[in-house]
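Report on the structure
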Amino acid sequence: MSKQNQSCMAEFILLGFSNFPELHEKIFGVFLVIYLVTLMGNAIIIAVIFLDHSLHIPMYLFLQNLSVVEVSFSAAIMPEMLVVLSTKKTTISFVGCFAQMYFILLFGGAECFLLGAMAYDRFAAICHPLTYPTIMNKSVLVKLVIFSWASGVMVATVQTTWVFSFPFCGPSEINHLFCETPPVLELVCADTFLFEIYAFTGTILIVMVPFLLILLSYIRILFAILKMPSRTGRQKAFSTCVSHLTSVTLFYGTANMTYLQPKASYSPETKKLMSLAYTLLTPLLNPLIYSLRNNEMKRALMKLWLRKVVLHTD
Ligand SMILES: *[C@@H]1O[C@H](CO)[C@@H](O)[C@H](O)[C@H]1NC(C)=O
């Protein structure tokens, strides 16, 4: 009987904000704008760093990789979410749901480690300026980047295949905006205890460890800044640090709350809002925080604009 049900379920239904259907139109508009701005902001960063050779240093190569991760992360979530918000009842195929979960975990995991590596890079540059070139040489840089991407692939492969090896015997309604682990796990009709233990330890390793690394780096950076002689220099470095910390805390905080206990008893609406914090806000805000407040980036953008648009040269 249950086996028959299982083979019948070829798709899921994503409910979106089903309790507030009248809001769907407005939310759709807001999310579309956020998606487009995210794509544009990150595309500009990728292009500017690619074209300006003076920016081919670790900090910006990390940033470029982060922008690639964020564009991909958004592309794995937003188009589907926009479809869910613009139709009454959205079905997503089994394979589509699998793929979405896979890419969310891949790019989400890579983002966790990249943000950690970036904080370490800043820590080395600010607190150990003399030995920085040897600490962060080309080979270390490439290894950190490869490690971040490879961890994302590993996390995604293990978690997604595990979740989808469970039996699903209906109902097929996912009360969420897209396919991610916690809401899909609720539809499983088997004992998921072992998986939940794995998810807990995995989240600590993937989310908590980089987060603590970042916190530690920034605390050291803050102390270094407080010892700076110039007041304006201190203020500037401080404000940069604070904006990094805000974005990082938002991303890791909400991701932690969601993934540490995938079957936690928050209401579905709370879960949706928490997911939006790390799927929508982080990719939108990071380009602003990491580049628009950065003079080198602004100068490179200006130079490029002058060269291409005003002078029509290469
Ligand atoms: C990412 O990092 C690697 C390693 O430093 C670098 O070679 C590459 O240009 C960066 N950017 C992208 C878009 O991959």
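Residues numbered from 1 in each chain as written. Predicted model: local features only at pLDDT ≥ 70, side-chain atom pairs only at ≥ 80, totals over all residues. Heavy atoms only, no water.

Put simply, the rule reads: UniProt positions are given in the numbering used here, feature names are shortened, and annotations may be inferred rather than shown by experiment.
The name recorded for the protein in an unreviewed UniProt entry is Olfactory receptor, from Chinchilla lanigera. Turning to the protein, the UniProt record has this under Sequence similarities (unreviewed entry): "Belongs to the G-protein coupled receptor 1 family." You can read under Subcellular location (unreviewed entry) in the UniProt record for the protein the words "Cell membrane".

What to know about the packing of helix α4 (residues 94-127) against helix α6 (residues 138-165)
To keep things clear, this is the line we draw: Here an angle of 0 to 180 degrees is reported between the N-to-C directions of two axes, which are lines fitted to C-alpha atoms, with helices fitted over the stretch in contact. The secondary structure listing takes helices from DSSP runs of H or I that are at least 4 residues long and strands from runs of E that are at least 2 residues long, numbered from the N terminus. Handedness of a crossing is defined here by the sense of rotation of the near helix relative to the far one, left-handed for an anticlockwise turn of less than a right angle and right-handed for a clockwise turn. The classification used treats Ala, Val, Leu, Ile, Met, Phe, Trp, Tyr, Cys and Pro as nonpolar, Asp, Glu, Lys and Arg as charged, and all other residues, Gly among them, as polar.
Interaxial distance between α4 and α6 falls to 7 Å at its minimum, and their mutual angle equals 145°. α6 is crossed by α4, and the crossing has right-handed handedness. Residue classes in the contact of α4 with α6 are distributed as 19 nonpolar, eight polar and no charged.

Concerning the side chain of Glu269
We count it as follows: Residue contacts are counted whenever heavy atoms from the two residues lie within 4.5 Å of one another.
Residue placement: Glu269 occurs in helix α10 (residues 268-292). Once you skip the residues sitting within four places of it in the chain, Glu269 turns out to touch Phe17, Asn19 and Phe20.

What to know about the state of the cysteines
Applied cut-off: Note on terminology: pairs of cysteine sulfur atoms within 2.5 Å are recorded as disulfides. Partly exposed residues are those whose accessible area sits between 20% and 50% of the maximum for their type, while under 20% is buried and over 50% is exposed, using a 1.4 Å probe and protein chains only.
With the rule as written, the count across this model stands at two disulfides. The disulfide that involves Cys97 links it to Cys179, with 2.0 Å between the sulfurs. Since a negative S-S torsion denotes a left-handed disulfide, the Cys97-Cys179 link at about -105° is left-handed. Of this pair, Cys97 sits in helix α4 while Cys179 is found in the loop between β3 (173-174) and α7 (181-185), placing the two residues 82 residues apart along the sequence. Judged by relative accessible area, which is 0%, Cys97 ranks as buried. Assessed through its relative accessible area of 0%, Cys179 is described here as buried. Residue Cys169 pairs covalently with Cys189 via a disulfide, S to S 1.7 Å. Looking down the S-S bond of the Cys169 and Cys189 bridge, the torsion is 140°, so its handedness is right-handed. Residue Cys169 is located in the loop between α6 and β3, and its partner Cys189 is located in the loop between α7 and α8 (193-226); the two are separated by 20 residues in the primary sequence. A relative accessible area of 25% means that Cys169 is categorised as partly exposed. You can call Cys189 partly exposed: its relative accessible area is 34%. Along the protein, the cysteines that take part in disulfide bonds pair up as 1-3, 2-4, counted in sequence order.

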